Amino acid sequence: FAGVAENRLKSMKAQENMAVGKQFPDFTETDLDGKPLSVSAYKGKVLLIDFWATWCGPCIGELPNVLAAYEKHHPKGFEIVGISLDSDKDKLTKFIADRKMTWPQYFDGAGRDAAPGKTFGIRHWPSMWLLDRNGVVRYISAGAELEEKIAQVLAELPENQRTALLLCRQDELSYEEIADVLDCSLSATKSLIHRGRETLKQRLKPYLHSGAWRDSK
């Protein structure tokens, strides 16, 4: 009984660390082809972490939506990491080849006790976490309206571009406001703006004219 209780507490703690707004815990493993696999390697991308299995009916039912979302959004910076809870490598390999699931898959043959799934306390399948470009959890159980959620997170500007847009629009913000956002001195802020304003304007011109900066401040 003590062992079960301890495992349950570990599972609850792991789930707390994977809540919306939290940095998803990194892991370092190898994929089905023996290549390195980690969450941190996808920083700068919108990432779906999908705990699934070929024996899981709901997982297979959700697969067409996942495939469609990947085909549509992969060129825009969307990636998937699959965490397979299968125990038969040959069956898994054939399945992903037949379904043209070209994204990386973790597999250790342990089935429901696969290392990442056990570490993170995964008890239901499919379980999907959608992370933004900084590795922060934006959606849990992301399968519902998956395509719309991916599009929304992709549309958000990375932190460095949000900062740049603030600099470009300094005519609508005071130097004090920009200094507060950048967390630097007023003199340093003025110097940075004068040095880089024109270059930033040219690089970010599409965003300035589209009004995207207003939604990303």
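Preceding this section is the structure that the text describes.
So, how was this worked out
- Residues numbered from 1 in each chain as written.
- Predicted model: local features only at pLDDT ≥ 70, side-chain atom pairs only at ≥ 80, totals over all residues.
- Heavy atoms only, no water.
- Pairing = 2+ DSSP bridges.
- Helix = DSSP H or I, 4+ residues; strand = E, 2+ residues; numbered from the N terminus.
- Contact = heavy atoms within 4.5 Å.
- Axes fitted to C-alpha atoms, helices over the stretch in contact; angles between N-to-C directions.
- Core = buried A, V, L, I, M, F, W, Y, C linked by side-chain atoms within 4.5 Å.
- Buried < 20%, exposed > 50% of the residue type's maximum accessible area, 1.4 Å probe, protein only.
- Disulfide = S-S within 2.5 Å.
- Phe/Tyr/Trp six-rings, centres within 6.5 Å; stacked < 30°, edge-to-face > 60°.
- Lys NZ or Arg CZ within 6 Å of the ring centre and 35° of its normal.
- Expected span 1.5 Å × (residues − 1).
- Bend = angle between axes of the 7 residues up to and from the residue.

Draft legend 1. Quick look at the sheet that holds strand β5 (residues 105–106). Reading across the sheet, the 5 strands line up as β5-β4-β3-β6-β7 and stay open at both edges, with mixed pairing between neighbours. The strands lining the two open edges of the sheet, one partner per strand, are β5 and β7 (137–140). Examined bridge by bridge, strand β3 (residues 46–52) and strand β6 (residues 127–131) share 5 bridges and lie antiparallel to one another. Bridge pairing links Ile49 to Trp129 in β6. Sitting on the sheet, helix α2 (residues 57–73) touches β3, β4 (78–84) and β6, and the angle it makes with β4 is about 155°. Helix α5 (residues 146–155) contacts β3, β4, β6 and β7 of the sheet and is inclined by roughly 170° relative to β7.

Draft legend 2. Molecular detail of the nonpolar core. Ranked by size, the top nonpolar core spans 45 residues in total, and within it Phe24, Leu48, Ile49, Phe78, Trp129, Leu130 and Leu131 carry the most contacts. Going through the elements one at a time, β3, α2, β4, α3 (89–98), β6 and α5 are the ones with two or more residues in this core. Here this core takes 6 residues from β3, the largest share from any one element. Ignoring anything within four residues of it in the chain, the contact list for Leu131 reads Phe24, Val39, Lys45, Val46, Leu47, Ile49, Val136, Val137, Arg138 and Val153.

Draft legend 3. Quick look at the state of the cysteines. Under the counting rule described, the total for this entry stands at 1 disulfide. Across the disulfide from Cys56 sits Cys59; the S-S distance is 2.4 Å. Measuring the twist about the S-S bond at about 80°, one finds the Cys56-Cys59 disulfide to be right-handed. In this structure, Cys56 and Cys59 share a single accessibility class: buried.

Draft legend 4. Looking closely at the packing of aromatic side chains. For the coordinates displayed, the defined rule picks out 9 aromatic pairs. Ring centres 6.1 Å apart and planes at 55° place the aromatic pair Phe27 and Phe120 in the tilted group. Taken together, the residues span a long stretch of sequence, with Phe27 in the loop between α1 (2–16) and β1 (28–30) and Phe120 in the loop between α4 (115–119) and β6 at a distance of 93 residues. Phe27 gets classed as buried once you look at its relative accessible area, which sits at 8%. Relative to Trp129, the ring of Phe51 lies with its centre 5.8 Å away and its plane at 75°, an arrangement referred to as edge-to-face. Of the two residues, Phe51 is situated in strand β3 and Trp129 in strand β6; the sequence distance between them amounts to 78 residues. Trp129 shares its class with Phe51; the two are buried. One aromatic cluster is present, built from ring pairs that chain together Phe24, Phe27, Phe51, Phe120 and Trp129. Stacked on the ring of Trp55, the Lys or Arg Arg112 has its end atom at 4.2 Å from the ring centre.

Draft legend 5. Local environment of α2. Look at α2: 25 Å from first C-alpha to last across 17 residues, which is about the 24 Å you get at 1.5 Å a residue. Most pronounced at Leu63, the bend in α2 amounts to some 40°, and the proline Pro64 follows within four residues. Of the positions making up α2, those classed as buried are Cys59, Glu62, Leu63, Val66, Ala69, Tyr70 and His73. As for α2, its buried residues are in contact with β3, β4, α3, β6 and α5.

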